[in-house]
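# Working through the structure, step by step
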Amino acid sequence: MFNKLQKHFSLTLLFCVLAISFVSAQNGISLRGKREKFSIFRDGSVATNIQENSDGSVSWIATAAGGAGGGVAFYVKSNKQEINIGNYESIDVELDYSPGSKWSGSAQNPSFVFRVLPWDSTGMFGGFEDLDIISGRSRSGSIKYTVKIPSNFSKQIINSSDFDEVLAFAIKFNDYQRGNADGDQLKVTLKSVTFKAKSGAPEDTPFDDGLTDSQRGTVVEVNYPTRDYTVDEYRASKYKKHGWVYLPAGYDENDKNTKYPLFVLLHGFGQNENTWGLSNKGRGGKIKGFMDRGMASGEVGRFILITVTGVASKNWGPNGAGNDVNGFNAFKGELRDDIIPFMRANFNVKDGRDNVALAGLSMGGGQTFNIGIAECLDLISNFAGFSGALFSGADEFKRNVDGKREFNNLKIHNLYMTCGDKDDLVYQSFPSYVNAMRNWNRVENFKDYTYPGGTHDFPVWYKGFNDFIHMIFADMRQKIEPVVIEQPGTCSAKITNQGYPCCSNDCTVVYTDDDGNWGVENGDWCGCGGNESVCKGAQGYPCCEKATKVYFTDDDGDWSIENNDWNIYLLLWDILREDHLKFLWKTRDDEAVCKEEEQAEAVLKCEVTVLKSSNNPVRKVSVVVIRELSGVFVFIVRIDPIFKIPKTLRIEHSLNFCVKGSFINNNMSVDEMPRGLRRRAYKGDPLMQREDRGFDPRHEQFLLLISRNIT
């Protein structure tokens, strides 16, 4: 009897385990037949109590927030690679839901938005396109729903982000006009999501926007000093506020001669400086992509942008709620006295009102008009309102601005307005405002756009932002050519085809020819790649305009020759051939000691004088550096003036050179040196004309002359 029970119990347990495994196997995300567990995009989610459950589902609590209800974002692939949304026809979704501890009795049954996050998104509010609305049939329950992907949805993503790659999706609590009060909570458990590919759809391709890192701007954080402008100064709290700053490609804080216009970007009510999605994480956000691509193509002028919290009170944040109306209205002081002066003092920002732009969405759009135009027209001449909250009539607004004597003869250089025609909050006043602004003689260049089907949401505002940056700062438009940087561990195929390996990641370029960049490792030549950097100039020398051949690399970068601007000498002895003696340099009482050693290591500093031919003056250099590179000595002689190389060059030095057991005496002419140490010409040398042109320095000792221009 026990054995029967034991077998029955074991069989039942097996069935139970199999059943649990079967259920668990169905949870998670499925893509082209491959199922993975959910990969949560945590930085892009707005929810509490996010939990990954043992059965593979994910639970969270979403909160209503005036239409911006929270939710959780998920990567489409666990490796965070994108998919081409045009390859898919539908998405199956299964979830459970129930109201939380707070729920308005008048609220409709819970509803969700299936939100698609393109490749440039920083989260569910940082770049998105809403695909469908999923509504429950009861106050709590389960939903199984198939989201159909319209045939034109891929084009919609491309219109928004230039490419159809999708990084993630989000399940958002839909609290827009459904009777929910702010703070209503909804518990959600997402069980499974299945992306169904179209029949015969090609494989998804890796994302590539065609830009190199040298064409992309950077994003940095700032904390600028300010105060509470809602009270008198003597009673005001003082503090530092956080902001995000975008710096265009090529920006150099040390280049004070190159300055850029300034763009101040504002958010809306209930938001803060993070709302636009600009970030130093990931790809930096949708608006960064707009700026990077626009500036690289030359269609958008280069500028510096800062996003700030438009609440000028102690209630600003950090990560503030953005609901202090008095703080919004007091923003004039912070803009004029703190933000613009701070940016000019800490970044290379141009002077002049035509070099400043101000724009904002919703409440920030209202600030752009009511504070920017109406109170700061003497500082700013470029403005944009994206679904702007304009609380006065257009004619009244114009009279207020025109009535200020300090604004006489001050023009609005560029003005842009946009709004969705389904925006129930502000569209009613939009057409009349557009008409008034278009006919205002104070405005020099006006553009507007009515977004078909657009609501009070980011798709409208992102397009508005992209439209506006194509209008402003036309004098700063310049195509940014890519700087091709070889990847670490790679090198020219012309080098590897000769039997030489690629160098490691830390190689130093010691010679360049038509085959590529050469380095030395483990006593042999190798190909260098992946260490080139963007030229910024160094030590007073400019970047080369055309030269690409690298003659020497140091901590400042790669050096080349242009316009015969020579003033560094590089002497390189190859001591690794079998018929050479490996040796060690040491200094002692101004004497060189020659020793037979396996490793050659030395750093020698002295002062030398270069004697030229009789019709040239004597030149003095400051230092000679001897550096060991994997068994090869590099001698660098730095000479300040430029002079033409004479046929005979004498070097006076305080040390003797020891090679092959023989000494080269002081004041010995280069032409008097042993044959193996004579300077050699090589193909392409613009200054040295010798009979042994075509000499290959990879197999002989040589003296190489290089310049102080950086590439």
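Within each chain, residue numbers correspond to sequence positions counted from 1 in written order. Under the rules for a predicted model, residues below a pLDDT of 70 receive no local features and side-chain atom pairs below 80 are neither given nor counted, while totals for whole chains, interfaces and linings still include all residues. Excluded from the side-chain calculations are hydrogens and water; all other atoms, namely the structure's heavy atoms, are used.

### Notes on the nonpolar core
In terms of nonpolar packing, the biggest core is built from 95 residues, with Phe 263, Phe 386 and Phe 465 touching the most fellow members. The helix and strand labels rest on DSSP assignments: H or I over at least four residues marks a helix, E over at least two residues marks a strand, and numbering proceeds from the N terminus. Looking at this core, the element that brings in the most residues is helix α9 (residues 458–469), giving 7 residues. Every residue pair with non-hydrogen atoms within 4.5 Å of one another is taken to be in contact. Ignoring sequence-local partners within four residues, the contact set of Phe 386 consists of Leu 265, Trp 276, Ala 359, Gly 360, Leu 361, Ser 362, Tyr 416, Thr 418, Trp 461, Gly 464, Phe 465 and Phe 468. Counting 39 residues, the second-largest nonpolar core is a separate cluster that includes Trp 60, Val 76, Ile 143 and Phe 153. Put simply, a nonpolar core is a bunch of buried Ala, Val, Leu, Ile, Met, Phe, Trp, Tyr and Cys residues held in one set by side-chain atoms that sit within 4.5 Å of each other. Each residue is assigned to one of three classes by its accessible area relative to the maximum for its type, calculated with a 1.4 Å probe on protein chains only: buried under 20%, partly exposed between the two thresholds, exposed over 50%.

### Some points on the environment of Trp 60
Position of Trp 60 relative to the elements: it lies in strand β5 (residues 58–63). Separated by 129 residues in sequence, Trp 60 and Thr 189 have C-alpha atoms that sit 6.6 Å apart. Every residue in contact with Trp 60, bar those within four places of it in the chain, is listed here: Ala 47, Thr 48, Asn 49, Ile 50, Gly 71, Val 72, Phe 74, Ile 171, Leu 186, Lys 187, Val 188 and Leu 190.

### Let's talk about empty space enclosed by the protein
Space inside and on the surface of the protein is sampled on a 1 Å grid over the protein atoms alone, with a cavity defined as a set of points where a 1.4 Å probe fits but cannot get out and a pocket as an open set with protein on both sides within 12 Å along at least 5 of 7 lines; lining residues have an atom within 4 Å of a point. Grid points are joined across faces, edges and corners, and a volume is the space filled by probe spheres set on the points. In the structure shown here, the tally under the stated rule is 6 cavities of 30 Å³ or more. Quantified by volume, the second largest cavity comes out at close to 80 Å³. Forming the boundary of the second largest cavity are 13 residues, of which Ser 387, Gly 388, Leu 390, Met 417 and Phe 430 lie nearest the centre. Contributions of two or more residues to the lining of the second largest cavity are made by α6 (363–376), β19 (382–386), β20 (412–420) and α8 (430–438). Residues are grouped as follows: nonpolar covers Ala, Val, Leu, Ile, Met, Phe, Trp, Tyr, Cys and Pro; charged covers Asp, Glu, Lys and Arg; every other residue, Gly included, is treated as polar. Of the residues belonging to the lining of the second largest cavity, the class tally is 7 nonpolar, 6 polar and no charged.

### Focus on the pattern of salt bridges
We define a salt bridge as a contact between a side-chain nitrogen of Lys or Arg and a carboxyl oxygen of Asp or Glu at a distance within 4 Å. Taken as a whole and assessed by the stated rule, the structure comprises 24 salt bridges. The partner of Arg 283 in a salt bridge is Glu 82, with the nearest N and O atoms 2.5 Å apart. A residue pair is termed long-range when its members are at least 10 positions apart, and Arg 283 in the loop between β16 (262–266) and α3 (286–297) and Glu 82 in the loop between β6 (71–75) and β7 (83–84) qualify at 201 residues. In this structure Arg 283 comes out as partly exposed when scored by relative accessible area, which is 39%. Of the charged contacts, one joins Lys 102 and Asp 184 as a salt bridge, the two residues approaching to 3.2 Å between their closest N and O atoms.

### Structural notes on the sheet that holds β20
Strand order in this open sheet of 8 strands is β14-β15-β17-β16-β18-β19-β20-β21, and the pairing throughout is mixed. Looking along the sheet, the strands with just one partner apiece sit at the ends: β14 (218–227) and β21 (443–451). This sheet shows a mean twist of 20° between the axes of neighbouring strands, independent of strand direction. Sheet topology note: the β16/strand β17 (residues 304–307) ladder contains 4 bridges and is parallel. Residue pairing in the sheet places Leu 265 in a bridge with Thr 307 of β17. To obtain an axis, a line is fitted to C-alpha atoms, over the contacting stretch when the element is a helix, and the angle between two such axes runs from 0 to 180 degrees between their N-to-C directions. Where α6 meets the sheet, its contacts fall on β16, β18 (356–361), β19 and β20, and the angle it forms with β18 comes to roughly 145°. Two strands make a pair as long as DSSP finds a minimum of two bridges between them.

### Considerations on the packing of aromatic side chains
Pairing of aromatic rings covers Phe, Tyr and Trp, the last counted by its six-membered ring, and requires centre-to-centre distances within 6.5 Å; plane angles under 30 degrees mean stacked, over 60 mean edge-to-face, and any other angle means tilted. Counting across every chain of the model gives 36 aromatic pairs. Measuring from ring centre to ring centre gives 5.5 Å for Phe 74 and Phe 169, while their planes differ by 25°; the resulting arrangement is stacked. Linking Phe 74 in strand β6 with Phe 169 in strand β12 (residues 165–173), this pair joins segments that are 95 residues apart in sequence. By the burial criterion, Phe 74 is buried, and Phe 169 matches it. Grouped by ring-pair contacts, the aromatic residues Phe 128, Phe 263, Trp 276, Phe 303, Phe 386, Tyr 416, Phe 458, Trp 461, Tyr 462, Phe 465, Phe 468 and Phe 473 constitute a single cluster. Distance and angle both matter: a charge sits over a ring if NZ of Lys or CZ of Arg is within 6 Å of the ring centre and within 35 degrees of the ring normal. Residue placement shows Arg 115 over the ring face of Phe 128; its charged tip is 3.5 Å from the ring centre. Its end group placed over the ring of Tyr 229, Arg 227 keeps NZ or CZ at 4.0 Å from the ring centre.

This is a description of form; function is not addressed.
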